[in-house]
Amino acid sequence: MSAIRTGASSPAGQAAPVDAPLLETRGLCVAYGKVEALHGIDLAVPAGTIVTVIGPNGAGKTTLLSAIMGLLPSRGEIRLDGAAPRRVGIEGMVAAGLNLVPEKRELFGEMSVEDNLLLGAFQRYRTGHRDQARSMEEVYGLFPRLKERRRQLAATLSGGERQMLALGRALMAKPRLLLLDEPSLGLAPRIVKEIFHIIAELRRRGVAILLVEQNARAALQTADYAYVLETGQVVLAGPAGELADDPRVIESYLGLGRK
Ligand SMILES: Nc1ncnc2c1ncn2[C@@H]1O[C@H](COP(=O)(O)OP(=O)(O)OP(=O)(O)O)[C@@H](O)[C@H]1O
């Protein structure tokens, strides 16, 4: 049995296992009306790692992220640092250090790049707080292109710039865990490479990432651990490198000529 420490960093202030992952789901189920979309998902994201969930359209990937973020009702357990979250719902999850970058980016098109970024920080800092300015400089350091376009309206950005802004906005809240829903969707290969480079850099800076992707190749190359989700169930899980060599994954998600 693993050792127990008194959980100073446990959200509920309860004792938590020393090696408890940052995020864990146990038997997570989500239904839309009478139709169940997720059937008992067990998943873990250790601190500072990239975990990816790959799978076909309609497998339940977006549903999984929404349920973890408290945007959808669910059954089963969601644990943070080995304990139940102190507060439920989206505010509780943001307060605990989780942040979601949704597939549709959901920017405020009529607002500038900089104002979109400031909105990302408002739950964390008072307006004008010096750490807010520091966060902004960090985001601009990661995305110099956003700095060049700080006064441009978000609606006029290219697809890649919009994704960078969505990521930057989430980073303004200084998350411990970022939930990314299809960050490469609709982007040119060069921009996809750039986005995955940033994702790896965020891990280097200590941010854990739960990455939902249809670009299985890039996701498995970048992640530490991977889950394959099909029709609401985990059908395969393992270190990302091992899954990339699994014949079932190659056949269904990577195709021929992988190397
Ligand atoms: N609001 C909703 N109402 C009813 N059913 C829904 C709703 N949202 C999703 N579903 C259904 O739940 C299942 C999982 O959908 P989800 O969007 O989570 O899959 P996904 O893996 O993210 O797919 P994609 O890769 O196409 O985005 C699908 O059968 C979908 O039709």
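Residues numbered from 1 in each chain as written. Predicted model: local features only at pLDDT ≥ 70, side-chain atom pairs only at ≥ 80, totals over all residues.

K.L.:
How should I be thinking about the packing of helix 3 (residues 113–121) against helix 6 (residues 159–171) in this particular structure?
P.N.:
Helix-helix packing is characterised by the crossing angle of the two axes and by the distance between the axes. Look at helix 3 against helix 6: their axes get within 7 Å of each other, and the N-to-C directions meet at 35°. The handedness of the crossing between helix 3 and helix 6 comes out as right-handed. Residue-level contacts link Val 113, Asn 116, Leu 117, Leu 119 and Gly 120 of helix 3 to Leu 165, Gly 168, Arg 169 and Ala 170 of helix 6. Here the contact of helix 3 with helix 6 is composed, by residue class, of five nonpolar, three polar and one charged. (Axes fitted to C-alpha atoms, helices over the stretch in contact; angles between N-to-C directions. Helix = DSSP H or I, 4+ residues; strand = E, 2+ residues; numbered from the N terminus. Left-handed = near helix turned anticlockwise from the far one by under 90°. Contact = placed C-beta atoms within 7 Å. Nonpolar A, V, L, I, M, F, W, Y, C, P; charged D, E, K, R; others polar.)

K.L.:
It is not clear to me how the site of the ligand should be interpreted in this structure. Could you clarify?
P.N.:
For the ligand, the full set of nearby residues is Tyr 32, Ala 37, Gly 55, Asn 57, Gly 58, Ala 59, Gly 60, Lys 61, Thr 62, Thr 63 and Gln 214. Considering every element that reaches the shell around the ligand, the biggest residue donor is helix 1 (residues 61–68), with three residues. (Near = placed C-beta within 6 Å.)

K.L.:
Would you mind going over the nonpolar core with me for this structure?
P.N.:
In a soluble, globular protein the nonpolar side chains are often hidden away together inside. Counting residues in each nonpolar core, the largest one holds 69 residues, and the members touching the most others are Leu 177, Leu 178, Leu 179, Ile 209 and Leu 211. Looking at which element gives the most residues to this core, the answer is helix 6, with six residues. Mapping this core onto the domain boundaries places at least three of its residues in each of domain 1 (24–97 + 177–254) and domain 2 (108–174). Apart from residues no more than four positions distant in its own chain, Leu 179 is found in contact with Leu 65, Ile 68, Met 69, Leu 98, Asn 99, Leu 100 and Leu 210. (Core = buried A, V, L, I, M, F, W, Y, C linked by C-beta atoms within 7 Å. Buried ≥ 20, exposed ≤ 12 C-beta atoms within 10 Å, placed from the backbone. Domains from an automatic or database assignment.)

K.L.:
I'm lost on the domain arrangement of the protein in this one. Help?
P.N.:
By convention, interface size is frequently given as the accessible area that disappears when the constituent parts associate. One can read the domain layout of the protein as domain 1 (24–97 + 177–254) and domain 2 (108–174). Put simply, the middle of domain 1 and the middle of domain 2, counted by C-alpha atoms, are 24 Å apart. The interface is formed by 10 residues belonging to domain 1 together with eight residues belonging to domain 2. With four residues, the top contributor of residues to the side of domain 1 that touches domain 2 is helix 7 (residues 189–204).

K.L.:
Is there a simple way to think about the sheet that holds strand 6 (residues 75–80) in this case?
P.N.:
By definition, the strands of a sheet pair up through backbone hydrogen bonds, in either a parallel or an antiparallel sense. If you walk across this open sheet you meet the three strands as 4-3-6, and the pairing is antiparallel. The open sheet has two edge strands, strand 4 (35–45) and strand 6, and neither has a second partner. Taking each pair of neighbouring strands and ignoring which way they run, the sheet shows an average axis angle of 20°. Relative to strand 6, strand 3 (residues 23–32) runs antiparallel, the two being bridged by five bridges. (Pairing = 2+ DSSP bridges.)

K.L.:
How should I be thinking about the environment of Gly 48 in this particular structure?
P.N.:
Examined against the element boundaries, Gly 48 turns out to sit in the loop between strand 4 and strand 5 (50–54). According to the C-beta neighbour criterion, Gly 48 is partly exposed, with 17 such atoms within 10 Å. Spatially, the C-alpha atom of Gly 48 lies 27 Å from that of Gly 186, the residues being 138 residues apart in sequence. Gly 48 has contacts with Arg 203, Gly 206 and Ala 208, leaving out every residue within four places of it along the chain.

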